[in-house]
Amino acid sequence: EKDFGALATKLKSLEPEATYFTGFYNAGGLLIKQFKQKGVSGLFVAGDGNPGEPFMGIAGKEDAEGVIISQNVTIEYVDTPEAKAFLEEYKSTYNSNPLMYAHRQYDGIRLAVDVIKRAGSATDKEAIIQALKDTKDSPAFGETYSFNEDGTKKDGQYMLIKIENGGFVIAD
């Protein structure tokens, strides 16, 4: 969808304190731009399908100003030598900043290698499942991975980023 005019007009009449958008940045950037054009009040918060740079690229710096994005902890906010080295190598290799899940993919590969080593096999499904269940505090960028009995990750970490003066800051 590219025309959010009817939605913006309706929301403007409701005078919302906040709008939480859970779609992706290509729509989110257009939505906030049209909200600003129509004068929709309130805070605009976008979910993790809205990485800051692409979102701001579509919305424009002025219309993106003040938007808050809820997201996983991203590599640029992890203050470790390993994270800084990853970020530097990524930027020099790809000539851009990594999007929010690049380091998670790297962490996932490291975890998979560790699980297969502990399972003693890359093909024994039961051993791999057990090794994954037994994973406790596996190192990752800025956190560790442990899993619940049902296989879900324990203690997911999220943060709020605010677009401010054409950049990104951790929101209060």
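Coordinates for the structure precede this section.
Residues numbered from 1 in each chain as written. Predicted model: local features only at pLDDT ≥ 70, side-chain atom pairs only at ≥ 80, totals over all residues. Heavy atoms only, no water.

Caption draft 1: Representation of a negative patch on the surface in the model. Taken together, Glu62, Glu65, Glu164 and Asp172 make up a surface patch of like negative charges. Assessed through its relative accessible area of 97%, Asp172 is described here as exposed. (Patch = residues over 30% accessible without salt bridge, like charges linked within 9 Å, V, L, I, M, F, W, Y side chains within 5 Å. Areas by Shrake-Rupley, 256 points an atom, 1.4 Å probe, with all protein chains shown as cover. Salt bridge = Lys/Arg side-chain N within 4 Å of Asp/Glu carboxyl O. Lys, Arg positive; Asp, Glu negative; His and termini not counted. Charge placed at Lys NZ, Arg CZ, Asp CG, Glu CD. Buried < 20%, exposed > 50% of the residue type's maximum accessible area, 1.4 Å probe, protein only.)

Caption draft 2: Molecular detail of the pattern of salt bridges. For the coordinates displayed, the defined rule picks out eight salt bridges. Two residues, Lys33 and Asp63, come together in a salt bridge whose shortest N-O distance is 3.6 Å. One end of the pair, Lys33, is in helix H2 (residues 25-38); the other, Asp63, is in helix H4 (residues 61-64), and 30 residues separate them in sequence. Classification of Lys33 by relative accessible area gives partly exposed; the value is 25%. (Helix = DSSP H or I, 4+ residues; strand = E, 2+ residues; numbered from the N terminus.)

Caption draft 3: Up close: the packing of aromatic side chains. A complete count under the given rule lists nine aromatic pairs for this structure. Where Phe35 meets Phe44, the ring centres are 5.6 Å apart and the plane angle is 85 degrees; that geometry is what we call edge-to-face. For the pair Phe35 and Phe44, a shared accessibility class is recorded, and that class is buried. When the centroid spacing of 6.1 Å and the interplanar angle of 35 degrees are considered together, the rings of Phe86 and Tyr90 count as tilted. Placement of the pair is Phe86 and Tyr90 together in helix H5 (residues 81-94), with a separation of four residues, close to one helical turn. Each residue in the set Phe86, Tyr90, Tyr94, Tyr106 and Phe141 is aromatic and connected to the rest through ring pairs, giving one cluster. If you follow Arg110 out to its NZ or CZ, it ends over the ring of Phe141, 4.6 Å from the centre. (Phe/Tyr/Trp six-rings, centres within 6.5 Å; stacked < 30°, edge-to-face > 60°. Lys NZ or Arg CZ within 6 Å of the ring centre and 35° of its normal.)

Caption draft 4: Quick peek at the pairing of strand S1 (residues 18-21). With burial as the criterion, only one face of S1 is covered, namely that bearing Thr19 and Phe21; the residues Ala18 and Tyr20 on the opposite face remain uncovered. Across four bridges, the pairing between S1 and strand S2 (residues 43-46) is parallel. In the sheet register, Phe21 faces S2, and the bridge partner there is Ala46. For the crossover that starts at S1, traverses H2 and ends in the parallel S2, the hand is right-handed. (Pairing = 2+ DSSP bridges. Right-handed = clockwise from strand over helix to strand, strands pointing away.)

Any functional reading would require information beyond the geometric quantities listed.
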